[in-house]
Every structure is written in C-alpha cells, then in structure tokens.
Amino acid sequence: MSTNAELATIFERMAAMLELLGEDRFRVNAHARAARAIEGLSGDVAEIAENEKALTSIDGIGAKTAKKIREYVETGRVHEHDELLAKVPAGLLEVLDVPGLGPKTVRMMWMEKGVESIADLKRILDDGSILELPRMGEKTVQNIRESLAFAAKSSERIRLGDALPIAERLVARLEKVKGVQRVAYAGSLRRGRETIGDLDILVSAKDGAAAREAFTGMEGVEKVLASGEKKSSVRLQAGKISVQADLRVVDDAAFGAALMYFTGSKEHNVRLRERAIRMGMTLNEYGLFPETEGEKPPQEQGVKPVASRTEEEIYEALGMAFVPAELREDQGEVSDGWETPELVEVSDVRAELHAHTTASDGVMSIVELAQCAKARGFHTIAVTDHSKSSVIAGGLDEARLRKHIEQVREANGRVKGITILAGSEVDIHADGSLDYDDELLAELDVVVASPHAALRQETKEATKRLLRAVAHPLVHVLGHPTGRIINRREGLQPDMNAIAAAAAEHGTALEINCNHLRLDLRDRDVRIALEHGALLALNCDVHAEEDFDELRYGVLTGRRGGLTPERCINTWGAKKLHGWLKKKRGG
DNA sequence: GCCGTTTTCGGCCCGACTGTTTTCAGTCG
Ligand SMILES: Nc1nc2c(ncn2[C@H]2C[C@H](O)[C@@H](COP(=O)(O)OP(=O)(O)OP(=O)(O)O)O2)c(=O)[nH]1
Ligand SMILES: [Mg+2]
Ligand SMILES: [Mg+2]
Ligand SMILES: [Zn+2]
C-alpha cells in the first residue's frame, strides 16, 4: 500500500474510533475529511510533507493533521491512532459496518453489554439481552439479524460495467410507468466510478405513488428495505448480481436540484451547501433557496427557489462553472476560479489501437475487425495480436507475426475507408525487456507493450520494468499498465509519477484499457499522467465485436482523470495520429 | 479539527424513513 493509502486508512479509522468514543461529531468529520483529502492526492504525501506549507495548504488538512502526517512519515506511526487502538476494541469497527447499526447503537452495546465484536453481537442477539438496550425492540432486532446474514454473503462493490446495464434496464422500465415524467440514474454510477455501491435512480412524476409501486414491485426485487412517499430502497437480484437500488421521487420542477443532490458525491454536496450558506442561501434536493426565517425548510414555506430546474442553473446561481458529474468529488471543483474542462466524449474517439484477431485470442478475422471499426466511424484500426510468450492467448512467434503483417497489409489494401495498421500487443517480460527483438518491432506500425505475467512484483521492480518499456524507442503505447482486474487482482503498483514523467519524456502514450474488468489506467493515474504532460490512449482491447462497446467505461474513467481530446491520441485525425506513430519509426 | 464574501471564534449540509417513542433519535441518502 502507498503511504497515501496507509494514512488515509489511519485517519478513516481514527474517525470511526472517535465516533465510538462519543467524541464531537465535527471532530469526527474533520478526521474523515482529512482521510479523503489524503486519498485524493496525486503526489506522494511523504514528499509533500517535506514542505512545511504544502500540507496545510490542502483543504481539510490543518496544523494538527499535518503534524500527524509528518509523525507518520518520520516514525511510521501516529501515536494518537495507537492510543485510540488501545481504547477501542478492534472488532467493534466491524460491528459498525453492519447496515442499520450506527455509532450510537454500537457504543451503547459496547458500554452496556460489553459487545466488542460481531461474535459478541450474535451472543446478545441469541440470549435476548439485546432487548434490554434503549430503543431496541423486536423489529430492530430482526433487522439486525437480517443485516448480519446478508453482510456475510456479500458486501463487495459492483463493477461499473456490470452495474450500468442493470441501471439502464431499470430506467427504461420506470420510463414506461404511467405518470412518470423523467428518469435518470445518478450516484457513483453517473459519476463513472469504477465500482459502485448501489444503483441510485431519480424519477420525476405526477403520480409518485405509481413510480414507487412499480419500483418496489419490480421483477428481481428480493426485499423492500424501506419505502416512503419520496424515496424507496430495495435489494435486487439481477442475474448473479445482488445489489441495492435506491429510488428518489420528486416534482419535475425540482429535477435539476434532485439530480444534483442524488449524483453527489456526498462531499461535493456538502461543499456546495456550505457555499450556498456563505452566499446567504440554502441548497437542498428541492432547489437553491433564499435565506428564510421560520423553522420549516424553505420548500415547505412556499418559498420560490432561486434555481431548481436544471443543474446548470444551480451552478450558475452559486457563481460556479458547471461541474461535469465525473468531477464532483470535492477535489477542488467547488473553489472560486475553477473552470470546466472540455472532457473527452465517446463520440470524439475515432481510432482503436488495441485489437485481437483469430490469429491469437480474438474471434474476428482482420477484415471483420476492420469492418466493425469502420461501422463505428473509425478512421484507423490497429491489429495487435499477442506475442509469443502469451501462450494461452495463442501468441504469435516471429514467423507467424511476419506472415500476419503481410495479411494485414493485404487486408488494408482490400478494405476501403479505414486504415488497418499492423501492430502487436507485445508482452513486457518481468525484467522490462520485450517479447520480440527490435528488428521485428520496427516493422510494425504500432506497438502496444503490456505486462501479462509477474504481476505481483514489488513497487520498485515493477517501476523499473515499466520504465524500461516506456523508454523503448519502438513502443507507442504502454498497454493496461498495472494488469489489475477490478475486485480480483491488484496488479502492479508502480510509482505512477515516475512512469508518467517518463511517458511524457519519451512520447509514449499510456493506455486506459476500457474493458470494464480492467479500467487500467484507473482514474487517479490518468490524472497523474496528465499532470506530467503524458498522452493517453483509450483502447477497447477488442477480442469480439461487443468489446467496442466497452469504450464508454474507459471514457468515464478518462473524464474522471480530467482527460481532454487533445491529450487522447484516439481522438486525433488520421493524419496526426499516423504521423505521431511514424515518429517512432524514424519518420 | 478546520476554516473565513460578516467571523481568528463559533459555526460546521440537509432531508427521508423507521421504530419506538408519546415527541424524536438514529441511520442513511
Ligand atoms: N447532501 C448529502 N447528500 C448525500 C449524503 N449522502 C449521500 N448523498 C447523496 C450524494 C450521493 O452520491 C447520493 C447517493 O448516495 P450513495 O450512498 O448511493 O453514494 P454514491 O452513489 O455516491 O456512492 P456508492 O457507490 O453508492 O457508495 O446521495 C449526505 O450525507 N448529504
Ligand atoms: Mg450510490
Ligand atoms: Mg444510494
Ligand atoms: Zn490485448
């Protein structure tokens, strides 16, 4: 784990433990915010900590937190964290993770019943002594039982690529309900996070009850977790995937405000609401309102909102530039002077530079592949089958590759309206050397170099390995740089700042592999790459026709990292792209 | 613990649903 991740975890845990000790909730929040701030840094916190002012200039990090960070960098410990660990039983944090159990209840169980772990919780459930606690009745006990049983089964976040199609089906379903006006998915899904915790769906309707009934009665609903006039939650089974879905129902006039609220992130919302307060207004999911007297919230006082119909109006009324959903992560976008970047879009992409054919592990011929790419309006498709050491994937030895190159040239002559490039996805060996010699690589129009094996290397080794590939004069693109598989394999954890700097120096593009299992580079690494001035490649790693549709996941990832079309080689026109490729061929 | 379009002290986002309560605390979004 990186120092950043370690420190973020420490502050996160400190927040939880302070909460269990009954500490002031604003102090608790401050620790949680510090954790987020550290987590969001693109640079190494240990390096930043060398500069006295640099740490405290980060929003959410003050003098006290900075001191703790420096203590950790110097000694490997945060003594206040150690002190908390001595006070709060480790197992209690797991009890806090049980849905429905919050800090107040868990603290009560701990103090009154000596609960220090999930096992202890089960004990007081079984012997009935849990009922002796205040505000604890039969229903609550039953809910805790069910939460425990369900949490044991699964609590993993769902991959974006698995969640988005399910959400789209839900949206289509709800759009058909009578009285429903507009439907949109929101939450982390709309922000394009690589994994999502639940499906958040917003509906505007003349008849809210109909929307609610349709939602809770939908096919696949296993359990209705809550259902009121304005929001409902269910647990859904969709194929093998079990996921929570939240529905929010609002008046159509408040759709923009509600979409803004429900898209989040939570931290972005809080920053916006604080900004509204400073400007003498109130922001909630019903709109941006002028300051009002009275106890009741403005929407219940019949106060006319300053803005509520669209997100654009609300950002404008807050004196801000519009923030694309992917950037609503409280990473500085709510500050004065922030400007909307022109982020890359799916329709900008006009070339695929990473695709396999039946020569290795693809299912299409060269011509079929080219026709698919052409149908998508691409001007260029690169055929990049696997290299010889990728045995399971049917990698090509030198002789087969030479023949394959000839076949690509021949197909390129035959298929009009698209350029078919001869390439390879050449394996990067554990030591950073490539799977073909330079003479052969020089014959290829495009070389994507990717790691496939030895993905558990230490950071130092992994960095050295990838740096060697990036600096190779014949390599155009570093493919799926870490080799991670979301929720399954961590992959390499190289020093991304070093890789990005080298990529910029050598004019090598870093791939965002769009496959939803990979999304590699990930969002944060895209940002690091751009900060160093590197180019990015949005590649679908096509094996079959439907893989072209993975593009949107990569685009979302790129957008989260701030990717603009200029920095993404797949958006360039044919001439510019081909010229760039030839620069590494002495042209 | 952090921070400043009115503040270097005194605020800190705001609302829906549930279960247990007899008026609202707790949890979650
Ligand atoms: N203002 C405000 N909005 C919140 C709060 N919690 C959640 N929201 C909003 C923003 C979230 O993006 C949105 C959906 O909540 P979720 O818990 O589903 O979070 P989100 O989808 O961002 O992440 P997830 O992947 O589901 O864990 O609701 C909160 O405490 N305050
Ligand atoms: Mg969500
Ligand atoms: Mg949710
Ligand atoms: Zn590939």
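Right above here is the structure, for reference.
Residues numbered from 1 in each chain as written. Chains lettered and ligands numbered in written order. Predicted model: local features only at pLDDT ≥ 70, side-chain atom pairs only at ≥ 80, totals over all residues. Heavy atoms only, no water.

## Points about the overall build of chain A
What counts, and what does not: Note on conventions: DSSP H or I runs of at least 4 residues are helices, E runs of at least 2 residues are strands, and numbering of each starts at the N terminus. Atoms considered for the radius of gyration are the C-alpha atoms alone. The globule rule reads 2.2 Å times the number of residues to the power 0.38. Three labels apply to residues, based on accessible area from a 1.4 Å probe with only protein chains included: buried if under 20% of the type maximum, exposed if over 50%, partly exposed otherwise in between. In this analysis, two residues are considered to be in contact whenever any of their non-hydrogen atoms come within 4.5 Å of each other. Each accessible area is a Shrake-Rupley estimate made with a 1.4 Å probe; only the visible protein chains count as cover when residues are assessed. Positive charges come from Lys and Arg, negative ones from Asp and Glu, while His and the chain ends are left out of the count. For this purpose, a charge sits on NZ of Lys, CZ of Arg, CG of Asp or CD of Glu.
Along chain A, the regular secondary structure elements total 24 helices and 16 strands. Taking 2.2 N^0.38 as the reference for a compact globule, 587 residues should give roughly 25 Å; the C-alpha atoms of chain A span a radius of gyration of 27 Å, in line with that estimate. Projected onto its principal axes, the C-alpha coordinates of chain A cover approximately 80 × 60 × 50 Å. When the 587 residues of chain A are sorted by exposure, 51% land in the buried category. For chain A, the proportion of contacts with a sequence separation of at least 24, taken over those separated by at least 6, is 67%. Summed over its atoms, the accessible surface of chain A is roughly 27,000 Å², and 49% of this surface lies on carbon and sulfur atoms. For chain A, the distance from the average site of its 80 positive side-chain charges to the average site of its 95 negative ones is 2 Å.

## Some details on the packing of aromatic side chains
This is how the line gets drawn: Any Phe, Tyr or Trp ring, taking Trp's six-membered ring, that has another such ring centre within 6.5 Å forms a pair; planes under 30 degrees apart are called stacked, those over 60 apart edge-to-face, and the others tilted.
Per the stated rule, a full pass over the model turns up four aromatic pairs. Both rings, one in Tyr 261 and one in Phe 262, keep their centres 5.7 Å apart while their planes meet at 10°; by these two values the pair is stacked. Among the residues examined, Tyr 261 registers a relative accessible area of 24% and is labelled partly exposed. Judged by centre distance (6.0 Å) and plane angle (85°), the ring pair of Trp 572 and Trp 580 falls under edge-to-face. Each member of the pair, Trp 572 as well as Trp 580, is classed as buried.

## Brief notes about the coordination of the magnesium ion (ligand 3)
Defined as follows: Water is not among the atoms examined, so metal sites may look incomplete; donors are the N, O and S atoms within 2.8 Å of the metal, or within 3.2 Å for Na, K and Ca.
Looking at the magnesium ion (ligand 3), one finds its protein donor set to be Asp 198 (OD), Asp 200 (OD) and Asp 246 (OD), positioned 2.0 to 2.3 Å from the metal centre. Sequence spacing of the donor residues for the magnesium ion (ligand 3), all on one chain, is D-x1-D-x45-D. Between the two metals, the magnesium ion (ligand 3) and the magnesium ion (ligand 2), the spacing is 3.5 Å, and Asp 198 donates to both. Here the residue Asp 200 occupies a position in strand S4 (residues 198–205), and Asp 246 occupies one in strand S7 (residues 241–250), the gap between them amounting to 46 residues.

## Describing the environment of Ile 118
Looking at where Ile 118 falls in the secondary structure, it is placed in helix H9 (residues 118–126). Assessed through its relative accessible area of 19%, Ile 118 is described here as buried. As for Ile 118 and Ile 277, which are separated by 159 residues in sequence, their C-alpha atoms are 41 Å apart. Excluding anything up to four places from it in sequence, Ile 118 contacts Gly 91, Glu 94, Val 95, Val 98 and Leu 148.

## Some thoughts on the protein's contact with DNA strand B
Here is the rule we go by: Residues are counted as near a molecule or strand when any one of their heavy atoms sits within 4 Å of it. As used in this structure description, the phrase polar contact means that two N or O atoms lie within 3.5 Å; if the pair is within protein, one of them must be able to donate a hydrogen and the other to accept it, and residues adjacent in sequence are counted only when both atoms belong to side chains. Each residue receives one of three labels: charged for Asp, Glu, Lys and Arg, nonpolar for Ala, Val, Leu, Ile, Met, Phe, Trp, Tyr, Cys and Pro, and polar for the others, Gly being one of them.
Neighbouring DNA strand B are 54 residues; Thr 65, Gly 100, Thr 105, Arg 135 and Gly 137 lie closest to it. Looking at DNA strand B alone, sugar and phosphate atoms form 73% of those within 4 Å of the protein. Here Gly 62 contributes a backbone N or O atom positioned 2.7 Å from a phosphate oxygen of DNA strand B. Glu 138 places a main-chain nitrogen or oxygen 3.5 Å from a phosphate oxygen of DNA strand B. By residue number, the principal contributor to the surface near DNA strand B is helix H15 (residues 266–278), which donates six residues. Each residue belonging to the surface near DNA strand B can be placed in one class, and the counts come to 17 nonpolar, 16 polar and 21 charged.

## Let's talk about the layout of surface pockets
We apply this condition: Lining residues are defined by having an atom within 4 Å of a point belonging to a cavity or pocket. Those points lie on a 1 Å grid over the protein atoms alone, cavities being sets where a 1.4 Å probe fits but cannot get out and pockets being open sets with protein on both sides within 12 Å along at least five of seven lines. Grid points are joined across faces, edges and corners, and a volume is the space filled by probe spheres set on the points. The split into domains, and so the bounds of each, comes from an automatic or database assignment of domains.
Put simply, the second largest pocket is a space of about 370 Å³. Around the second largest pocket, the lining comprises 14 residues; the ones closest to its centre are Lys 230, Val 249, Val 250, Asp 251 and Tyr 286. When its residues are assigned to classes, the lining of the second largest pocket shows six nonpolar, three polar and five charged. Both of domain 2 (158–249) and domain 3 (264–327) provide at least three residues apiece to the lining of the second largest pocket.

## Some words on empty space enclosed by the protein
Summed over the entire model, instances satisfying the criterion amount to one cavity of 30 Å³ or more. Each pocket or cavity is described by its volume, and for the largest cavity that value is around 40 Å³. Listed by contribution, the elements that provide at least two residues to the lining of the largest cavity are helix H14 (255–263), H15 and strand S8 (281–284). Residue contributions to the lining of the largest cavity peak at three residues, all from H14.

## Examining the packing of H9 against helix H10 (residues 138–153)
Geometry of a packed helix pair, given as the angle between the helix axes and the separation of the axes. Quick note on the threshold: Here, axes are lines fitted to C-alpha atoms. For helices the fit covers the stretch in contact, and angles between N-to-C directions go from 0 to 180 degrees. Here roughly perpendicular refers to angles of 65 to 115 degrees, roughly parallel to angles under 35, roughly antiparallel to angles over 145, and oblique to all remaining angles. Should the near helix be turned counterclockwise from the far one by less than a right angle, the crossing is left-handed, whereas a clockwise turn marks it as right-handed.
The interhelical angle for the contact between H9 and H10, taken along N-to-C directions, is 140°, at an axis separation of 11 Å. When the axes of H9 and H10 are compared, the pair comes out oblique. Between H9 and H10 lies a crossing whose hand is left-handed. Only Val 141, Ile 144, Arg 145 and Leu 148 of H10 make contact with H9, whose side of the interface consists of Ile 118, Leu 121, Lys 122, Leu 125 and Asp 126. Broken down by class, the residue content of the contact of H9 with H10 amounts to six nonpolar, no polar and three charged.

## Quick look at the site of ligand 1
In the vicinity of ligand 1 lie 15 residues, with Arg 157, Ser 188, Gly 197, Asp 198 and Asp 200 positioned nearest. At 2.5 Å from an oxygen atom of ligand 1 is found a side-chain nitrogen or oxygen belonging to Ser 188. Between ligand 1 and Thr 263, the relevant distance is 3.3 Å, taken from an oxygen atom to a main-chain nitrogen or oxygen of the residue. Contact with the protein chains covers 71% of the free accessible surface of ligand 1, which is 590 Å². The residue makeup of the shell around ligand 1, split by class, is three nonpolar, six polar and six charged. A domain split of the shell around ligand 1 shows at least three residues from each of domain 2 (158–249) and domain 3 (264–327).

## Structural notes on the pattern of salt bridges
Inclusion rule: For salt bridges, the criterion is a side-chain nitrogen of Lys or Arg within 4 Å of an Asp or Glu carboxyl oxygen.
Applying the stated criterion across every chain yields a total of 31 salt bridges. A salt bridge links Asp 525 to Arg 522, with the shortest nitrogen-to-oxygen separation between them at 3.9 Å. What makes Asp 525 buried here is its relative accessible area of 11%. One network of salt bridges, in which partners are shared, links Arg 36, Arg 191, Glu 267, Glu 329, Asp 523 and Arg 560.

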